[in-house]
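# Chain and residue survey
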Amino acid sequence: MLPSLGYGILVITMLVSIYSVSIAIYGETTKSAAMVESARRAMLLTLPLITAASLILIYLLINDRYDVEYVWSVTNRTMPTYLKITAWWGGQPGSLLFWSWLLSVFTASVTLRKWDRDRELLPWVLVVTGITLTFFISLIVFFENPFKLIPAGVQVPLDGRGLNPLLRHPGMIIHPPAQYLGFVSFTIPFAFAIAALITGRTDDRWIRITRKWTLWAWLFLSLGLVLGMRWAYDVLGWGGYWGWDPVEISALMPWLTGTAFLHSVMIQEKRGMLKHWNMILIILTFNLVIFGTFLTRSGVLSSVHAFAQSEIGPLFFIFIGATFVISFALLIHRWEDLKSGTEMKSMLSKEALFLLNNLLFLSLLVISFWGVIFPLLSELFTGSKVTVGPPFYERATGPVWGALMLLMGIAPLAAWGRSTLKTLGRAIWKPALAALLAPILAFSVGIRNWVALISFTLIALVITVSIREFWRGARARSRKSGGNFFIELWNLIKRNRRRYGGYIIHISMVLMGIGIIGIEFFQTDTQQHLAIGETIEISGYTLRYDRLDQFRHEDGRLITRGEMTLSKDGKFLETLAPRFDLYPDGQPMTIPAVRSTLVDDVYVILVNWEGITAESTPFKVYHNPLVKWVWIGGYLFVFGIFIAVGSDEERKKV
Amino acid sequence: MKKLNILTLFIILLSLFSVNTVAAQGGGDISDDEVNAIASELFCPVCENTPLDVCETQACKQWRELIRLKLSEGWTDAEIKQYFVDNYGARVLAEPPKEGFNLLVYFVPPAIILIGAVILFRAFKEWKNDNGEKDAPITEASPKSTRETSNPKDDYLAKFEEELRKRE
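Residues numbered from 1 in each chain as written. Chains lettered and ligands numbered in written order. Predicted model: local features only at pLDDT ≥ 70, side-chain atom pairs only at ≥ 80, totals over all residues. Heavy atoms only, no water.

Per the secondary structure count, chain B includes 7 helices and 0 strands. Helices and strands in chain B line up, N terminus first, as α-α-α-α-α-α-α. Here chain B holds 168 residues, and 37% of them are scored as buried. At a minimum sequence separation of 6, the contacts of chain B that also span at least 24 residues come to 55%. (Helix = DSSP H or I, 4+ residues; strand = E, 2+ residues; numbered from the N terminus. Buried < 20%, exposed > 50% of the residue type's maximum accessible area, 1.4 Å probe, protein only. Contact = heavy atoms within 4.5 Å.)

Moving on to the overall build of chain A. When its secondary structure is counted, chain A shows 21 helices and 10 strands. By the burial criterion, 61% of the 654 residues in chain A qualify as buried. Sequence separation of 24 or more characterises 71% of the internal contacts of chain A that already satisfy a separation of 6 or more. For chain A, the exposed surface amounts to about 25700 Å²; the carbon and sulfur share of it is 66%. (Areas by Shrake-Rupley, 256 points an atom, 1.4 Å probe, with all protein chains shown as cover.)

Attention shifts here to the environment of valine 105 of chain A. Turning to its location among the elements, valine 105 of chain A is positioned in helix H5 (residues 92-111). For the pair valine 105 of chain A and valine 184 of chain A, spaced 79 residues apart in sequence, the C-alpha to C-alpha distance is 9.8 Å.

What follows deals with empty space enclosed by the protein. One pass over the full model with this rule turns up 2 cavities of 30 Å³ or more. The volume enclosed by the largest cavity comes to roughly 230 Å³. Pro375, Val386 and Thr387 of chain A together with Glu48 and Asn49 of chain B are the residues nearest the centre of the largest cavity, which is lined by 18 residues in total. The element contributing the most residues to the lining of the largest cavity is helix H14 (residues 350-381) of chain A, with 4 residues. Its residues placed into classes, the lining of the largest cavity shows 12 nonpolar, 3 polar and 3 charged. (1 Å grid on protein atoms, 1.4 Å probe; cavity = no way out; pocket = protein on both sides within 12 Å on 5 of 7 lines; lining within 4 Å. Points joined across faces, edges and corners; volume = space filled by probe spheres on them. Nonpolar A, V, L, I, M, F, W, Y, C, P; charged D, E, K, R; others polar.)

The end-to-end C-alpha distance of helix H11 (residues 275-298) of chain A is 34 Å, a good match for the 34 Å that 24 residues give at a rise of 1.5 Å each. In terms of residue burial, H11 of chain A counts as a mostly covered element, since 22 of its 24 residues are buried. (Expected span 1.5 Å × (residues − 1).)

A word on the sheet that holds strand E8 (residues 593-596) of chain A. Residues and elements named next belong to chain A. Pairing is antiparallel across the open sheet formed by 4 strands, whose spatial order is E1-E10-E9-E8. Lying at the two open borders of the sheet, with one neighbouring strand each, are strand E1 (524-530) and E8. On average, each strand axis in the sheet is inclined to that of its neighbour by 15°, with strand direction left out of account. Bridge count for E8 against strand E9 (residues 600-606) is 4 bridges, and the pairing is antiparallel. Paired with alanine 593 across the strands is valine 604, a residue of E9. In the packing of helix H20 (residues 497-522) onto the sheet, the strands contacted are E1 and strand E10 (617-625), and the crossing angle to E10 comes to about 130°. (Pairing = 2+ DSSP bridges. Axes fitted to C-alpha atoms, helices over the stretch in contact; angles between N-to-C directions.)

All names here are of chain A. Positive phi, normally seen in glycine, also occurs at aspartate 64, with a value near 50°. Checked against the element boundaries, aspartate 64 lands in the loop between helix H2 (33-62) and helix H3 (69-74). Of note in the backbone geometry, aspartate 569 takes a positive phi value of approximately 50° without being a glycine. Positionally, aspartate 569 belongs in the loop between strand E4 (558-568) and strand E5 (571-576).

Looking at chain A, pLDDT values average 89 and 97% of them are 70 or higher. Confidence drops under a pLDDT of 50 for residues 650-654 of chain A, and excluding neighbours within four residues, the segment shows 5 contacts in the predicted structure. (pLDDT = per-residue confidence, 0-100.)

The next thing to look at is the environment of isoleucine 18 of chain A. Position of isoleucine 18 of chain A among the secondary structure elements: in helix H1 (residues 2-29). Taking the C-alpha atoms as reference, isoleucine 18 of chain A lies 7.4 Å from isoleucine 131 of chain A; in sequence the two are 113 residues apart.

Now for the nonpolar core. Ranked by size, the top nonpolar core spans 153 residues in total, and within it Trp99, Phe192 and Trp206 of chain A carry the most contacts. Beyond its immediate sequence surroundings of up to four residues, tryptophan 206 of chain A is in contact with Pro189, Phe192, Ala193, Ala196, Phe261, Gln268, Asn278, Met279 and Ile282 of chain A. Core analysis: the second largest hydrophobic core is formed by 21 residues, Ile30, Cys55, Phe84 and Leu93 of chain B among them. (Core = buried A, V, L, I, M, F, W, Y, C linked by side-chain atoms within 4.5 Å.)

The next thing to look at is the state of the cysteines. Residue and element names in this part refer to chain B. For the structure shown, the criterion picks out 1 disulfide over all chains. Each sulfur in the disulfide pair cysteine 44 and cysteine 47 lies 2.3 Å from the other. Between cysteine 44 and cysteine 47 the sulfur-sulfur dihedral comes to about 80°; the bridge is accordingly right-handed. Using a relative accessible area of 1% as the deciding quantity, one classes cysteine 44 as buried. (Disulfide = S-S within 2.5 Å.)

Here the focus is the pattern of salt bridges. Residues and elements named next belong to chain A. Summed over all chains, the structure comprises 30 salt bridges over all chains. In this structure, arginine 208 and aspartate 204 form a salt bridge, with 3.3 Å as the shortest nitrogen-oxygen distance. Classification of aspartate 204 by relative accessible area gives buried; the value is 17%. Across the pair arginine 547 and aspartate 549 runs a salt bridge whose closest N-O atoms are separated by 2.8 Å. Beyond isolated ion pairs, a larger network of salt bridges with shared partners links Asp204, Arg208, Arg211, Glu269 and Arg498. (Salt bridge = Lys/Arg side-chain N within 4 Å of Asp/Glu carboxyl O.)

All right, on to the packing of helix H6 (residues 122-142) of chain A against helix H13 (residues 313-333) of chain A then. Residue and element names in this part refer to chain A. Where H6 contacts H13, the two axes come as close as 11 Å, and the packing angle between them is 175°. With respect to each other, H6 and H13 are oriented roughly antiparallel. Residue-level inspection shows Ile131, Thr132, Phe135, Phe136 and Leu139 of H6 in contact with H13, the latter providing Leu315, Phe316 and Phe319. Residue classes in the contact of H6 with H13 are distributed as 7 nonpolar, 1 polar and no charged. (Parallel < 35°, antiparallel > 145°, perpendicular 65-115°, else oblique.)

All names here are of chain A. Enumeration according to the criterion identifies 46 aromatic pairs over all chains in this entry. Between phenylalanine 392 and tyrosine 393, the aromatic rings sit 5.3 Å apart at their centres with planes inclined by 80°, giving edge-to-face as the arrangement. Exposure remark for phenylalanine 392: the relative accessible area of 4% places this residue in the buried category. With a centroid separation of 4.9 Å and an interplanar angle of 65°, the aromatic rings of tyrosine 545 and phenylalanine 619 are classed as edge-to-face. Of this pair, tyrosine 545 sits in strand E3 (residues 541-552) while phenylalanine 619 is found in strand E10, placing the two residues 74 residues apart along the sequence. No difference in accessibility class separates tyrosine 545 from phenylalanine 619, as the two residues are buried. (Phe/Tyr/Trp six-rings, centres within 6.5 Å; stacked < 30°, edge-to-face > 60°.)

As a further point, take the packing of H5 of chain A against helix H8 (residues 187-199) of chain A. Residues and elements named next belong to chain A. Remark: H5 packs on H8, axes separated minimally by 10 Å, with the N-to-C direction vectors making an angle of 50°. Between H5 and H8, the crossing angle belongs to the class labelled oblique. Residues Leu103, Phe106, Thr107 and Val110 of H5 lie in contact with H8, whose contacting residues are Thr187, Ile188 and Phe192. When grouped by side-chain class, the residues that make up the contact of H5 with H8 number 5 nonpolar, 2 polar and no charged.

Residue and element names in this part refer to chain A. Along the chain, the position of histidine 506 falls in helix H20. Given the relative accessible area of 16%, histidine 506 is considered buried. Once you skip the residues sitting within four places of it in the chain, histidine 506 turns out to touch His263, Met408, Pro412, Val462 and Ser466.

Right, let's get into the confidence of the model for chain B. Residues and elements named next belong to chain B. Overall, the prediction assigns chain B a mean pLDDT of 72, with 59% of residues at 70 or greater. Mean pLDDT values for the elements of chain B range from 37 in helix H6 (residues 142-149) up to 92 in helix H4 (residues 77-88). Predicted confidence for residues 10-26 stays below pLDDT 50, and this span has 17 contacts to residues more than four positions away or in other chains. Under a pLDDT of 50 for its full length, residues 132-153 has, in the predicted model, 17 contacts with residues more than four places off or in other chains.

Another point: the pairing of strand E6 (residues 579-582) of chain A. Residue and element names in this part refer to chain A. Note that E4 and E6 share 4 bridges and pair antiparallel. In the sheet register, arginine 561 faces E6, and the bridge partner there is arginine 579. Here E6 runs beside strand E7 (residues 588-591); their pairing, made up of 4 bridges, is antiparallel. The residue of E7 that forms the bridge with aspartate 581 is methionine 589.

Below, the structure is given as structure tokens:
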């Protein structure tokens, strides 16, 4: 009964969404405000509808309704309630429903905004978001129904299969929603961009309206990436957080274009330039969002042949193709209207450097995109599968990341409009000199890798330049007003949140860079079979193997837990207990034990796959220098976005 | 395709049972680190995107034992990798071999980026030429002369305030 109700609601949602799209187009062509209003309300209605369907699914998940296929496939009786709820996005049909729910949350809230000043955009925003919503809901209704019952006549199973153990981690509670939020929320700026193209409102109104949406979207996308990295580090047990896996890259790609977009819209706001380019970037970002969902949902990643077998793969392909063609056709149609009067004056002006930044981000995109699709092309054209793995990406993107850091060091000092080598040089020499301390310090502690030394210099440059901007601004203000430096610093940030939030984000990025350099250049590892009492030495640390326990957890998994004493120079530091969990369904999980400091991480895993015996236990130890800075940068990054996303005090009335 | 994979897997597993006993005798002095040094540069031939050194399947374990055996027989890194390529195809390498169709993976991105850079550079030049003549002298001369005489700190404040004003 309940499953049928849930499915019925989804069918109705699909119809309501189709109604909204058609009536919005009809209302716009017949100039009927009432029709458009009806479309708006219909769109609003999709939220309670999808919410109801989702609540029904959650109810079924919590109550172990194994007569529903989806519930059976992602939960079992031993799972705690919170995990049963997160199983909502633990499988294909559920995660599509979750995607749609988020989209309708965003769409509904955007329809509730004040439309007085830009009424003409409304119908087209409804059309774009409505079509996207219809697409996802129809995938659920026709192909991936989470309410599908087990075949009639089959006995209802007593227990479910349970959630994939890898997903049974607190990180999994936030990582997928954050990632999806980031994906979905880019729909809104895209919808406004398309609405601007269709209506011919080619000023920067659409950018101003969607500025916050874009920042929030970017926040969630970034958060999703960082949380995913953290989850991989804590759960996957291979000593790292980023493996250049196609799924990771598909989440990175919209982030790259989104970041380029965030920068280049500032040029349009300030100088009225690059209107075409901003359109291209937001169209690309939205397409990459769908492409990312497509890559992870279609099976195409495992093989082109899996794609052909997947029911929804080809539909995604058509949707992306159609969006791409229609968006660019509209852009070309409006090409002349988007031309701007102001032009670039200096190669060293802030806008010119922003463009360079865009070129670099797009370079990263080209490398990532090509790396992801090349194995598919190879399989398609030559019949042989190849792997494009980390060495390719590291070599290709390394210099680009470096150039981006250099730009982060220079661009904040360049002026809008005009800037010369002389003015720039005058602004940069002091911070540059201070930044040289970093490589000197690194050299003195024994670092000889020249790429790392250059990177540390660039990181220090970004930090000194950014901090100096705060310092100069606050000092100038406090001199003028005679007020307290710190109060003026706060006022300074409040008056121009985007700019100073941006600097905080720059600092956070390079702090993450410190961790990335640490792991890229200085990670070491060793694997050894130990008998109790034996030790492993790594980078000055000693790990003594003390004991091994094996016991069954109440949820049925068999836990094998090793205990090691970590010491340095004979001094006891910590007891580390790496673990290996074997779930009743045979799924293994390797949980590392980590001692993390600002200087380095000691990361130990029990190498269960090499076979644990009473005589000898295999351990793998990684020494990961500086990796904690990745997470510190991540926290600061989120803080920076919160600063940037707030309203400037002076602008609140606008 | 899938059938073939399972078949090869089966044959490997079968053959490795015998290998294993040999490995226990012959590869004993080869350390895990030596094995992993090679395994980390290879990808599991049957799973998706999993480096061989951290792959948890039984098949991968046997492949690592195979590496140990080959090392103990005096094979070089390159020979062992070639052995894997010959048996399981180029997908076991972390990067496509630099030949034939695969060359595209290395040449296309730089080519596109280069084209992008050229377009950007030409656009810069065009923009500058449109405006440069009437604006350039001002940039160089007038602000500088005032700047040199005035107090640099006041100048910064003025510029700063002006920028904030522009934003409002």
